[in-house]
There are 4 protein chains.
Amino acid sequence: GFIIGGEIKKSSDFIDVIYPYTDERFASVYSASESDAEDAIISSQKGFLKTKKLKSYQKRRILEKLSDLICEHKDLFVEILIKEGGKVRDLSSAEVERAVETIKISAEESVRMDGDIISLDRTIQGEDHTGLIRRFPIGTVLAITPFNYPLNLACHKIGPAIAAGNSFILKPASKTPLSALLLGHLLIKTGYPKDAVNVIPCSSKTAENMVTDDRISYLSFTGSPAVGWHLKSVAGRKKAGLELGGNAAVIVHSDADLNYAAEKITTGALANAGQVCISVQRIFAHKKIYEELLKSLKERFEKVIPGDPERSGVMLGPLISKDALKEALSKIDEAEQNGAKILCGKKFENNFLYPTLISDASIELAVSQTEIFAPAATISPYNTLEEAIEKINNSPFGLQAGIFTKDIGNIRFFYEETYAGGIIVNDIPTYRVDCMPYGGVKMSGSGREGPRYAIREMTEEKLLVINNP
Amino acid sequence: GFIIGGEIKKSSDFIDVIYPYTDERFASVYSASESDAEDAIISSQKGFLKTKKLKSYQKRRILEKLSDLICEHKDLFVEILIKEGGKVRDLSSAEVERAVETIKISAEESVRMDGDIISLDRTIQGEDHTGLIRRFPIGTVLAITPFNYPLNLACHKIGPAIAAGNSFILKPASKTPLSALLLGHLLIKTGYPKDAVNVIPCSSKTAENMVTDDRISYLSFTGSPAVGWHLKSVAGRKKAGLELGGNAAVIVHSDADLNYAAEKITTGALANAGQVCISVQRIFAHKKIYEELLKSLKERFEKVIPGDPERSGVMLGPLISKDALKEALSKIDEAEQNGAKILCGKKFENNFLYPTLISDASIELAVSQTEIFAPAATISPYNTLEEAIEKINNSPFGLQAGIFTKDIGNIRFFYEETYAGGIIVNDIPTYRVDCMPYGGVKMSGSGREGPRYAIREMTEEKLLVINNP
Amino acid sequence: GFIIGGEIKKSSDFIDVIYPYTDERFASVYSASESDAEDAIISSQKGFLKTKKLKSYQKRRILEKLSDLICEHKDLFVEILIKEGGKVRDLSSAEVERAVETIKISAEESVRMDGDIISLDRTIQGEDHTGLIRRFPIGTVLAITPFNYPLNLACHKIGPAIAAGNSFILKPASKTPLSALLLGHLLIKTGYPKDAVNVIPCSSKTAENMVTDDRISYLSFTGSPAVGWHLKSVAGRKKAGLELGGNAAVIVHSDADLNYAAEKITTGALANAGQVCISVQRIFAHKKIYEELLKSLKERFEKVIPGDPERSGVMLGPLISKDALKEALSKIDEAEQNGAKILCGKKFENNFLYPTLISDASIELAVSQTEIFAPAATISPYNTLEEAIEKINNSPFGLQAGIFTKDIGNIRFFYEETYAGGIIVNDIPTYRVDCMPYGGVKMSGSGREGPRYAIREMTEEKLLVINNP
Amino acid sequence: GFIIGGEIKKSSDFIDVIYPYTDERFASVYSASESDAEDAIISSQKGFLKTKKLKSYQKRRILEKLSDLICEHKDLFVEILIKEGGKVRDLSSAEVERAVETIKISAEESVRMDGDIISLDRTIQGEDHTGLIRRFPIGTVLAITPFNYPLNLACHKIGPAIAAGNSFILKPASKTPLSALLLGHLLIKTGYPKDAVNVIPCSSKTAENMVTDDRISYLSFTGSPAVGWHLKSVAGRKKAGLELGGNAAVIVHSDADLNYAAEKITTGALANAGQVCISVQRIFAHKKIYEELLKSLKERFEKVIPGDPERSGVMLGPLISKDALKEALSKIDEAEQNGAKILCGKKFENNFLYPTLISDASIELAVSQTEIFAPAATISPYNTLEEAIEKINNSPFGLQAGIFTKDIGNIRFFYEETYAGGIIVNDIPTYRVDCMPYGGVKMSGSGREGPRYAIREMTEEKLLVINNP
């Protein structure tokens, strides 16, 4: 059953959860109806009256308890992540560990909602007036999460929402609702006000209705750009944080350690079968080392064989669905028909796509411009850093970008000129630790996640001026 | 002529500027066409390539020069403000002085765009990684300003835009385009890149087209809620800061200094003929002092006689137009017909409305729920602070609210429970100094102005992660 | 045995630990010799090479483990605190709970040692230069702690030292070395580098030699003003944080809730038998309520009967020693001989002093000017707040001061005019939570404790300028 | 005459000001007696009662006026700087420009003395308590300044003192009192409270007496290490900021741009005849480029010919006195007698020392360990960065250190391992802009200058806790 006001509820509708490795049904969950969603909104409103009064030490305690509970249920979470998303065991295990940390970091941030005192006597009109600024919880947070990191991305919304003093409604991806429901169950045990806990798998239409509802104060959405920007346009006056897709680029400059870079890039392109917003999709190599890097990457890609997600040590699992595979293949086909070379991969079986490396892909192709969301990447040579950056910026997205170079001048130039939310030096653009600010520009989204930053977005500044004449 | 890329341009269309005191035409300005607007966008894009490279000391120098130039042209600005808005001389003079300060504060803030270094080694994955966060200019700022403070509110957009390293297009209110044009002329002399300076009076339709244009990166709008929220809904992916209206409330508690409060409230209700977003519109008085305050305010209101805006010492000038007067009168009439008492005022001549104090107005009336934007206010008694706050919160707006009380417990309670952007203690909600964060919640807008805060909104955070393995 | 480099060491010298309730020996500990101290310094230097390399997540883990271990050993700590200091059971229990939190807060702060990026291009010479500022651990911290809160005050030095990345030598008060030794034993189990753990009870002379040693980088001393300032003068180039005594004053204004104030003040004057740096020692009551407050306090003081520290519910225990009792009595006698009235108390038996309330004490008396460090306080009337503040400031000390009033004007005036490190409104000056900055001015010390602030003192800012021509 | 309480005073004693280029007397100033110093202290105490009440806008206005006045009197200041210090014209001119900026930056900082609000409810004891922290002016600042930058270093003390709300007594170097006296005269015209302005040339003994006086709240000293640390040891309870000497090192790594580095280093070693705390004194070159750099530096050093300070374009002027020359020569002689090679320079005439480059100097020599304070530097090769850093750290000083390298790994390693207050990358350690934090570790001093940082040191944090039960 789903969760409304901390209570288990049922409905007459079901969502089937399919194991992508076998395409068999693994579980069914109840799907919340319109009226369930209305109940969730009402409950969350009631819950907010309680959560906004929580003291720092209470929020810290709740979040630490939740972190501990996730840790205690690690094995169960791992099984769920493998089954609902087809995620390989090692990565599933890492995701649970990250979720534990994300909630722990939220706990640490919950006690640091400090404020500012500002001097108003900068002009004579401010004489005898003092200004104080504090942040207040915003209300009900509607969190909509995707299938690729169903647990940790839920934690990135729930954790800061609780730390900020908000109530929430969590709508997990229909393909992966189980980890979110378990998370909700654990939260109920922490002493967090029950009314404030709402986890409801539901249809897109029901979700959109909530997005337009004025009683919701904040929309936190992670998912596809098309859906995200549409939801923002119908969200009315509420604030919205959007974490959408990307086609992350990485530069390997002539002074880079090639082996190190190749190893990192292979992981960045193939982890979670490329179903990561910051998956390495576009590789730019300085012409001096282009051939060598290409060869090295090809070898590494070819060594990665898909396997049973249950088995530990397997690096590459299936895509989330047959449809996802088809879409990726059609983009690769389009590239091939337009002059690009498929250096390896393109092969597929069941829902697996073999690691695919593409060269000579022109910039207007889908593999260059759109998000592939599969274990596939393009590689291109460049003459100057300026040229490489121009190509990177020639994209509708701007989430993260990486560069391998030792030169401080290159680093500064790349940081200043590349238009993206995050710039990663000597590591892949896929790099994310949970305490850092994370988010994109252009089509890739707006706002920043990471508990400290999400708390800032999920709160409102209120000024207090005291006159003492 | 209007200004595109720092050059004076003409068109075939005109906007007449009417002196509200006489309803006679004072001047005509060219109105920018669609193609002029396109030129302005192109120019601003070109300008941004230069402004984003400006160093702190250059931005500071430009803004200090601009501040000095406004000061030097004070007399001319005062004449323009009197004529285009019907603003009385003393207030016009004060507005110019504030504009000087707003630009000066922007200069001071332009050298403080510092950044943060964050420890990423909070988890083992962050080991050897360092995070740096800096803010970068966002691009072209489209600034749309209202008639009531045509100079200082333009400065609140242009100042931070320059300080942040942005280019801009300023679209002044059609009724009051002259002060903005003069401001633009002065800016050209400061060394600020010419392409970045665009001031174009134009039609609403032309303005809306710019709002929807993807080449504009930030919309800074001050004006009516209806227009503001509509523009935000069509603004696409660009960020928008909205400073909209309000129906500001003030509480006079039983322990307040009544004379002091009455004096302040009179100014807060009548200044600029009530055409201020944070004009005192709703007065709540503790029942113990209700009658006394009512009497005191009535006397003060009655003493304020409208007069020739040119004459110094005149406190009350005309409304901006006949239409504005009619709209205010219709709300007062509606109130009277529904049981409210008109204690004084309601009288009008030419575009003047005499100070109007209304009691016994129920909460659903237009004088309670909407923004009157005229020298009129309601007064109501209350029993408990809780009750008064509930009434204040029972409004679609939430810009600023004031309270007169000495008690620290009341202050804290009022600050925590009143839903507004700013809470002013022992002063009127009309209080604003230019360095403070200013902005509202609910229908009253989103984002905060005041140079330090506007710079934050007009810039984008970019993360730099450096791995040092 | 004491602890050097995480190892248990013995010596030929002993310190006897006396139970103040019975004046009987409760335990003996080895006293470190000069050569032991030299070993501790050498070990701490070695340890620092390891602690300065600790990552945030490692420091957090060590401190959380330590916090958990203190919690697990609560009963043992309580018994020790009762016996070595004669502290009553309830307060001993509260001290252990605070120690758990102090270390927990240190853990939270250990992951927040962030830095700043500053714009250097404020002048043309700064063009192309960027400034970064980070804090680095300072080296070996020498922590000298007093007898009155032997566990929590040690935690206030050890916690931040670890969080900052420093090694340390802890020299506990000779009367109360046991809790510090147990703390050291627990720390060894956390994975903190052993060389960095040094806890050595020793003679004052040995301690002073360490203070003058250039290999020690920071002196953190809590104790008497005479010793503290002397140590600072011989500390050479090392930084020193001093938390010394006070003769804390509290004002009860005419608008205060008298019962509430009297209740709080009784606790503030008598807790830990007045052996608290911020114990209420000087009570100033507005003349309108002076008699009533005096009566109320007298009644409350008289109800507090000393008792066996072991028994829960007992509020007043013995002073630390016969000598301490004698010194307190001599000051009270001096007051009585010079015109002051002893309203209650002055009675004593064993090491107990009964709660003593003194009126009409002139300002030059020892009970007014020096620190009594016993359950005794003076009470005086005042006419105006100015007068009361002047009397409060007429003291060599300035640690904390309190006021009971509701009026925001009084609060501001008191905050601005009273010369002290902390001002407490509507609570006693004895108020301290472990996360707040704590420390005094004048004779009362220098620097601030509280983990966030102590970390700042125990680290050094280092600037990095990068030129990118 | 000198200045006490903003008034010109005379005494019976004189100090002769000698022009180092000709060794002739240029002027005489009155020397303040003990009783004058007492008057200055009394006046500064009175002044503080006024300065501490100054509003931000008043302090900003005073400092901006002072900045303008210095600018207006530039020619006069330049003449004074040339004559009292023998400083060459171009550098004198640059110093005045920097002084203008230092005071301007102080003006900007004076309006930013903001505060913090901290959450005290991190533990249950903090429930209902709010913490506010503001900074308050500390009292009278005693500023003691050296001869080498007599104007700008005075501004670095006076500017922040005014910005912080303090009064001051300025004791300039006896060799260069004129610029400080002129600065004082200008300050009197700004509206700053006259009592707060005290500029008194006096004997060291009189200065030391003031240092020990309890009415002085802060000692800001720039000068020699021996004097500085001695003064700190007799300063009693007052805070002291010490900016002392150094023997700044710079590394030229194998990947550096040698011409650029050599050019910068020549300036860094010879500017102001090496009489700069952060003058380049120790050059470490990677063995691969050692010979080439040595040759390049030798050529550059030899081209720099001392000349008449009055003439513009002259780079090298005389040392401050014959004694200073003798001391520098004796260190160079000692080096030569102990195996070092004098590659160029060592020649002298009048008070000039020709640029002196020394190789093969062992580490224990005075040219390596002490501060030369003359246009002389040593050069040594190194094999690894570790080795070079070890040599740099093998010095009693730690002010600033520089490195020329492009490699981000080297930069990070150098920043982390070099023990100094500031690390300068791709520029000389002599780099200082007036807005940056500046100060050293070890013998080089304590505390940081630069207006933002000096204000922090010249103020005291005061906590306000408000309980709202």
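> What is the right way to read the environment of T384 of chain A from this model?
Relative to the assigned elements, T384 of chain A resides in the loop between strand 18 (376–382) and helix 13 (385–393). Measuring from C-alpha to C-alpha, the distance between T384 of chain A and H253 of chain A comes to 9.3 Å, with 131 residues separating the pair along the chain.

> What should I look at first to understand the relation of the copies chain B and chain D in this one?
Here the two chain copies are tied together by a rotation about an axis and a shift along that axis. The operation relating chain B to chain D is a screw motion whose rotation component is 180°, with 0.0 Å of axial translation and a residual RMSD of 0.0 Å. What the rotation and shift describe, once combined, is the action of a two-fold rotation axis. Residue E108 of chain B of chain B places its C-alpha closer to the rotation axis than any other residue of that unit, at 3.0 Å. Taken together, the interface assignments show that 100% of the residues at the interface of chain B recur at the interface of chain D, consistent with an identical surface on both copies.

> Just to check I follow, could you spell out the relation of the copies chain A and chain B for this structure?
Mapping chain A onto chain B leaves a residual RMSD of 0.0 Å; the transformation is a rotation of 180° accompanied by 0.0 Å of translation along its axis. When the interface residues of chain A are mapped onto chain B, 100% of them are again interface residues, pointing to one common binding face.

> What is the right way to look at the interface of chain A and chain B in this model?
Accessible area lost on assembly of the parts is the figure often given for the size of an interface. The interface of chain A with chain B comprises 55 residues on the first partner and 55 residues on the second. Summing the contributions of chain A and of chain B, the shared interface buries around 5100 Å²; its carbon and sulfur component is 54%. It is R122, R237 and Y415 of chain A that lose the most area in chain A upon contact with chain B, and together they represent 16% of the buried surface on that side. One salt bridge in this structure joins E461 of chain A and R456 of chain B, with 3.0 Å as the shortest N-O distance. In this assembly, chain A and chain B are joined by 42 residue pairs in polar contact (both at pLDDT 80 or more). Breaking the side of chain A that touches chain B down by element, the ones donating at least two residues are helix 4 (89–110), strand 5 (115–119), strand 6 (129–137), helix 14 (408–417), strand 21 (422–425), strand 22 (441–442), helix 15 (451–457) and strand 24 (459–467) of chain A. The greatest single-element share of the side of chain A that touches chain B, amounting to 8 residues, is contributed by strand 24 of chain A. Split by residue class, the side of chain A that touches chain B holds 27 nonpolar, 10 polar and 18 charged.

> Quick question: what am I supposed to make of the packing of helix 2 (residues 56–72) of chain B against helix 4 (residues 89–110) of chain B here?
Packed helix pairs are specified by the crossing angle of their axes together with the interaxial distance, meaning the distance between the axes. All names here are of chain B. One can describe the packing of helix 2 onto helix 4 by two numbers: an axis separation of 8 Å at closest approach and a directional angle of 170°. Taken together, the axes of helix 2 and helix 4 lie roughly antiparallel to each other. Facing S56, K59, R60, L63, E64, L66, S67, I70 and C71 of helix 2, the residues of helix 4 in contact are V96, A99, V100, I103, K104, S106, A107 and S110. Residue classes in the contact of helix 2 with helix 4 are distributed as 9 nonpolar, 4 polar and 4 charged.

> Help me understand the pairing of strand 4 (residues 24–31) of chain D, please; the structure alone is not making it clear to me.
Two faces, one strand: in a regular strand the side chains alternate between the faces of the sheet. Residue and element names in this part refer to chain D. Both strand 3 (residues 13–19) and strand 4 contribute to a ladder of 7 bridges, which runs antiparallel. Within strand 4, the residue paired with Y19 across the bridge is E24. Taking the residues between adjacent antiparallel strands as the criterion, strand 3 and strand 4 are bridged by 4 residues, where D23 takes a positive phi near 60°.

> Where do I start with the interface of chain B and chain D in this structure?
On the chain D side, the residues contacting the 17 residues of chain B number 17 residues. In total, about 1600 Å² of surface goes out of reach between chain B and chain D, with carbon and sulfur atoms giving 32% of it. Of all residues in chain B, R60, R112 and R412 of chain B bury the most surface against chain D, accounting for 37% of the area lost on that side. Between R452 of chain D and D114 of chain B there is a salt bridge; the shortest N-O distance is 2.9 Å. At the junction of chain B and chain D, the tally comes to 12 residue pairs in polar contact (both at pLDDT 80 or more). Taken together, the elements giving at least two residues each to the side of chain B that touches chain D come down to helix 2, helix 4 and helix 14 (408–417) of chain B. No other element matches the 4 residues that helix 4 of chain B contributes to the side of chain B that touches chain D. Here the residues of the side of chain B that touches chain D sort into 3 nonpolar, 3 polar and 11 charged.

Criteria and thresholds
- Residues numbered from 1 in each chain as written.
- Chains lettered and ligands numbered in written order.
- Predicted model: local features only at pLDDT ≥ 70, side-chain atom pairs only at ≥ 80, totals over all residues.
- Heavy atoms only, no water.
- Helix = DSSP H or I, 4+ residues; strand = E, 2+ residues; numbered from the N terminus.
- Least-squares fit on C-alpha atoms with pLDDT ≥ 70 in both.
- Contact = heavy atoms within 4.5 Å.
- Buried area = accessible area lost by both parts, 1.4 Å probe.
- Salt bridge = Lys/Arg side-chain N within 4 Å of Asp/Glu carboxyl O.
- Polar contact = N/O pair within 3.5 Å; in protein donor to acceptor, adjacent residues only side chain to side chain.
- Nonpolar A, V, L, I, M, F, W, Y, C, P; charged D, E, K, R; others polar.
- Axes fitted to C-alpha atoms, helices over the stretch in contact; angles between N-to-C directions.
- Parallel < 35°, antiparallel > 145°, perpendicular 65-115°, else oblique.
- Pairing = 2+ DSSP bridges.

None of this, on its own, says anything about what the molecule does.
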